[in-house]
Amino acid sequence: MIEPHPLVAMIHAVPTGARIAQEAFAREFPEATVWNVSDDRLLDDAREAGGLTGALRRRMLRLIGHVLDGGAQGLLLTCSSYGEVADTAQLLWSVPVLKSDEAMFRAALACSYRRIAVVASTPPAVPAAVAQLEALVPAVRPDRPVEIVTALGEGAAGAESAETAAGHLADALYAAGGSDADAVLLAQYSLAPVREALAALVGVPVLDGAGAAARELRALLSPAAGQTAAAVAP
């Protein structure tokens, strides 16, 4: 049964990503009751391990079980590095469990972009984002190939301003040969504040995932939004 104020849980790995996701839900899905759960070692431990280990996957699954046992009707994993755990969760539970950027990837692939750049400031986010994007290609645009280029601008993680962070990401794009991409996708929620500054530097659309995720959950869980959300541009 769909309720007028559905309980939506979000599991966060970094405070910045949590804030950005909360702002997106306040804007795009204000009728939701939001439950925030954080583990601020998730990203550092994945970085130190060189990627997701079995122990880290089980740790995320325990967090997912915690919020779903607590009554959450939908869940968003805001850390892109843990997106693959959502696939397992969807097999174990019947409620919507969204990866951080899947809605953004679907929107990008639905457009006519032939070359898409994926940028990040932390290494684990790059392969995780590319794997999600490539997995969606057969379903979203099977007859239209897309080229994906990746760029890692680690200096953006410690930048003091959005403009400085955008400069690091733009430099990384140029170094990776991504300056001629048709669109740029931000592989982390924490990079959302640089969207406009980066778009001004590279001259192409720059997309972020938080708002797209909020709109998708609203369409799934809000009784008033299901028929109209598909018409809302990301």
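Worth saying up front: this structure is predicted, and the values here are computed from it rather than measured. (Residues numbered from 1 in each chain as written. Predicted model: local features only at pLDDT ≥ 70, side-chain atom pairs only at ≥ 80, totals over all residues. Heavy atoms only, no water.)

A. Summary view of the packing of helix H2 (residues 42-49) against helix H3 (residues 54-69). For the pair H2 and H3, interaxial distance at closest approach is 11 Å and the crossing angle is 165 degrees. As summarised for this structure, H2 and H3 are arranged roughly antiparallel, according to the angle between their axes. Like other packed secondary-structure pairs, H2 and H3 cross with a definite hand, here left-handed. Contacts from Leu-42, Asp-45 and Ala-46 of H2 reach H3 at Leu-56, Arg-59, Met-60 and Leu-63. Broken down by class, the residue content of the contact of H2 with H3 amounts to 5 nonpolar, no polar and 2 charged. (Axes fitted to C-alpha atoms, helices over the stretch in contact; angles between N-to-C directions. Helix = DSSP H or I, 4+ residues; strand = E, 2+ residues; numbered from the N terminus. Parallel < 35°, antiparallel > 145°, perpendicular 65-115°, else oblique. Left-handed = near helix turned anticlockwise from the far one by under 90°. Contact = heavy atoms within 4.5 Å. Nonpolar A, V, L, I, M, F, W, Y, C, P; charged D, E, K, R; others polar.)

B. Here's a closer look at the environment of Tyr-82. On the secondary structure map, Tyr-82 appears in the loop between strand S3 (74-77) and helix H4 (83-92). Here the alpha-carbon distance between Tyr-82 and Leu-42, two residues 40 residues apart in the chain, equals 8.7 Å. Ignoring sequence-local partners within four residues, the contact set of Tyr-82 consists of Leu-42, Ala-46, Leu-52, Leu-56, Met-60 and Leu-77.

C. How the structure looks around the pairing of strand S2 (residues 33-38). Of the pairings in the sheet, the one linking strand S1 (residues 7-12) to S2 comprises 6 bridges and is parallel in character. Counted as the bridge partner of His-12 is Ser-38 from S2. One crossover worth recording links S1 to the parallel S2 by way of helix H1 (residues 15-28), and it is right-handed. (Pairing = 2+ DSSP bridges. Right-handed = clockwise from strand over helix to strand, strands pointing away.)

D. Focus on the nonpolar core. Formed by 23 residues in total, the largest nonpolar core has its most connected members in Ile-11, Met-60, Ile-64, Val-67, Leu-75, Leu-77 and Tyr-82. Those elements that provide at least two residues to this core are S1, H2, H3, S3 and H4. Excluding its chain neighbours within four sequence positions, the residues that come into contact with Ile-64 are Ile-11, Leu-75, Leu-77, Val-85, Ala-89 and Trp-93. (Core = buried A, V, L, I, M, F, W, Y, C linked by side-chain atoms within 4.5 Å. Buried < 20%, exposed > 50% of the residue type's maximum accessible area, 1.4 Å probe, protein only.)

E. Representation of the environment of Gly-158 in the model. Tracing the backbone through its elements, the reader meets Gly-158 in the loop between strand S6 (147-152) and helix H7 (162-175). Taking the relative accessible area as the measure of exposure, Gly-158 reaches 61% and is therefore exposed. Through-space distance from the C-alpha of Gly-158 to that of Leu-92 is 37 Å; in sequence the pair is 66 residues apart.

F. Inspection of the side chain of Glu-31 at higher detail. Residue position: Glu-31 is located in the loop between H1 and S2. One polar contact links Glu-31 to Ser-222, side chain to side chain, over a distance of 2.9 Å. Sequence-distant contacts of Glu-31, defined by excluding residues within four places in its chain, comprise Pro-4, His-5, Pro-6, Arg-218 and Ser-222. (Polar contact = N/O pair within 3.5 Å; in protein donor to acceptor, adjacent residues only side chain to side chain.)

G. Broad picture of the pattern of salt bridges. One pass over the structure, following the stated rule, counts 16 salt bridges. For Arg-19, the salt bridge is made with Glu-23, and the minimal N-O distance between the two is 3.3 Å. Within this pair, Arg-19 and its partner Glu-23 are both found in helix H1, separated by 4 residues, close to a single helical turn. With relative accessibility at 40%, the residue Arg-19 sits in the partly exposed group. Where Asp-208 meets Arg-195, a salt bridge forms, and the shortest distance between an N and an O atom there is 2.8 Å. Residue Asp-208 is located in the loop between strand S8 (206-207) and helix H9 (210-221), and its partner Arg-195 is located in helix H8 (residues 195-202); the two are separated by 13 residues in the primary sequence. (Salt bridge = Lys/Arg side-chain N within 4 Å of Asp/Glu carboxyl O.)

H. Expanded view of helix H6 (residues 125-140). Given a rise of 1.5 Å per residue, 16 residues ought to cover 22 Å, and the 22 Å separating the end C-alpha atoms of H6 matches this to within 8%. Inspection of H6 places Ala-125, Val-126, Ala-128, Ala-129, Val-130, Gln-132, Leu-133, Leu-136 and Val-137 among the buried residues, and these make up the whole buried set. Along its buried surface, H6 packs onto H4, helix H5 (102-110), strand S5 (115-120), S6 and strand S7 (183-186). (Expected span 1.5 Å × (residues − 1).)

I. The arrangement of the sheet that holds S7 in detail. The strand order across the open sheet built from 4 strands is S6-S5-S7-S8, with neighbouring strands paired in parallel fashion. Looking at which strands have only one partner, the edges of the open sheet turn out to be S6 and S8. With 4 bridges connecting them, S5 and S7 associate as parallel partners. Opposite Val-118, over in S7, you have Leu-185 as the bridge partner. Each of S5, S7 and S8 is contacted by H5, which is oriented at about 170 degrees to S7, the strand it contacts most. Where H6 meets the sheet, it contacts S5, S6 and S7, and its direction lies at approximately 165 degrees from that of S6.

In short, shape yes, function no, at least from these values alone.
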